[in-house]
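Spelled out, the chains give:
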Amino acid sequence: MLIIGEKINGTRKAVGKAVLERDAEFIRKLAQDQVEAGADFLDVNAGTGPDRDFDDLVWLVRTVQEAVGKPLCLDSPNPKALALAVKEVKATPIINSISGEEDRLASVLPLVAEHGTKVIALCIDKNGIPKDVETRMAVVHALLAETRKAGVPDDSVYVDPLAVAVATDTRGALIACETIRRTHQEYPLVHFTCGLSNISFGMPARALINRAFLTLMLEAGLDSAIMDPMDRGLIETLFATEALLAKDRMCMKFNRAFRAGKIGVVKPLATV
Ligand code: THG
């Protein structure tokens, strides 16, 4: 499972402030902490609005790359920001994202094809986020037809079934899981991702919901997620679930993580 660290997101208050003030030290630390916690990719989202987020995203990309060597997931509603940011990256990025909306597809898919990046394909179109699995699959079909036409290999595509807050749609988690299962049957090479923490917006004890959701989604076939790698309980859930799903040969990763003190009981420091 590929962990995409979610924390460099300008819609989070402290990060938004750091972006506007060009507080490079704050951003570098957030990048290092996530990588240390196990992030394989880092999501970077300036979250500062369309009139300035292209400048801000380029600054974020440069700043994060000064601190860590991990590849980036370029997250912006602004195609111009993505076009500028993709020129800055040192390793093949994930472009976040294309969707079934025509403008979005027309402006972002050519970038993906030209630069040979990976891409997140959101199950959303001009009518919004489909309420049922059938309609989400219609968006998946339309998107995969377009990526194939553009010459993007299926295994560069990360379908995001879209996790909507369970507080507003009780069936949100079930629909996301089922969309993954169906897509995997029809497109075995395609990967999956989602904004895991979206599921718990508006709920108390959000971390509990996020962990349970991760378990269900992994069983359905999720193989990457934009998530908080610094949530120890979430990482514990990830290792335990992968062991149970036979995704951890001889439970080696689980055992190694335990011995490294990343999961399980925190031993008190020895007293001398
Ligand atoms: N799909 C794709 N990309 C995405 C999302 C998605 N990018 C953005 C988002 N959703 C995923 N990233 C986050 C980042 C933070 C939070 C949720 C999703 C989050 N933050 C807390 C909050 O806002 O309350 C904590 C705030 C804080 O720490 O300051 O929950 O779905 N493709």
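See the structure shown above.
In this convention, every chain numbers its residues from 1, walking through the sequence in written order. Totals for whole chains, interfaces and linings use every residue, but because this is a predicted model, local features are given only for residues with pLDDT of at least 70 and side-chain atom pairs only at 80 or more, for both listing and counting. For side-chain calculations, the full set of non-hydrogen atoms in the structure is used, while hydrogens and water are omitted.

Q: What is the right way to look at the overall build of the chain in this model?
A: Here a strand is any run of E in DSSP of at least two residues, a helix any run of H or I of at least four, and the numbering for each starts at the N terminus. Helix and strand counts for the chain stand at ten helices and eight strands. A compact globule built from 272 residues would reach a C-alpha radius of gyration of about 19 Å, and the chain, at 19 Å, matches this within 12%. When the backbone C-alpha atoms are referred to their principal axes, the chain occupies close to 65 × 45 × 35 Å. Whether a residue is buried, partly exposed or exposed follows from its accessible area with a 1.4 Å probe, protein chains only, as a fraction of its type maximum: under 20%, in between, or over 50%, in that order. Within the chain, the proportion of its 272 residues that are buried is 49%. This radius of gyration counts C-alpha atoms alone. The globule rule is 2.2 Å times how many residues there are, raised to the power 0.38.

Q: Whenever I open this one, the pattern of salt bridges confuses me. Can you help?
A: Opposite charge on two side chains permits them to pair, given that their charged atoms come into close proximity. For this analysis, a salt bridge means a side-chain nitrogen from Lys or Arg found within 4 Å of a carboxyl oxygen belonging to Asp or Glu. All told, the structure shown has 15 salt bridges when counted by the stated rule. Between Asp56 and Arg22 there is a salt bridge; the shortest N-O distance is 2.9 Å. Taken as a pair, Asp56 in helix H3 (residues 53-67) and Arg22 in the loop between helix H1 (13-20) and helix H2 (24-36) lie far apart in primary sequence, 34 residues in all. Exposure remark for Asp56: the relative accessible area of 0% places this residue in the buried category.

Q: Explanation requested: the side chain of Thr241 in the structure shown.
A: Assignment of secondary structure puts Thr241 in helix H9 (residues 232-244). Exposure remark for Thr241: the relative accessible area of 9% places this residue in the buried category. We call two residues contacting when some pair of their heavy atoms lies within 4.5 Å. Dropping the residues within four chain positions of it, Thr241 is found in contact with Thr215 and Leu218.

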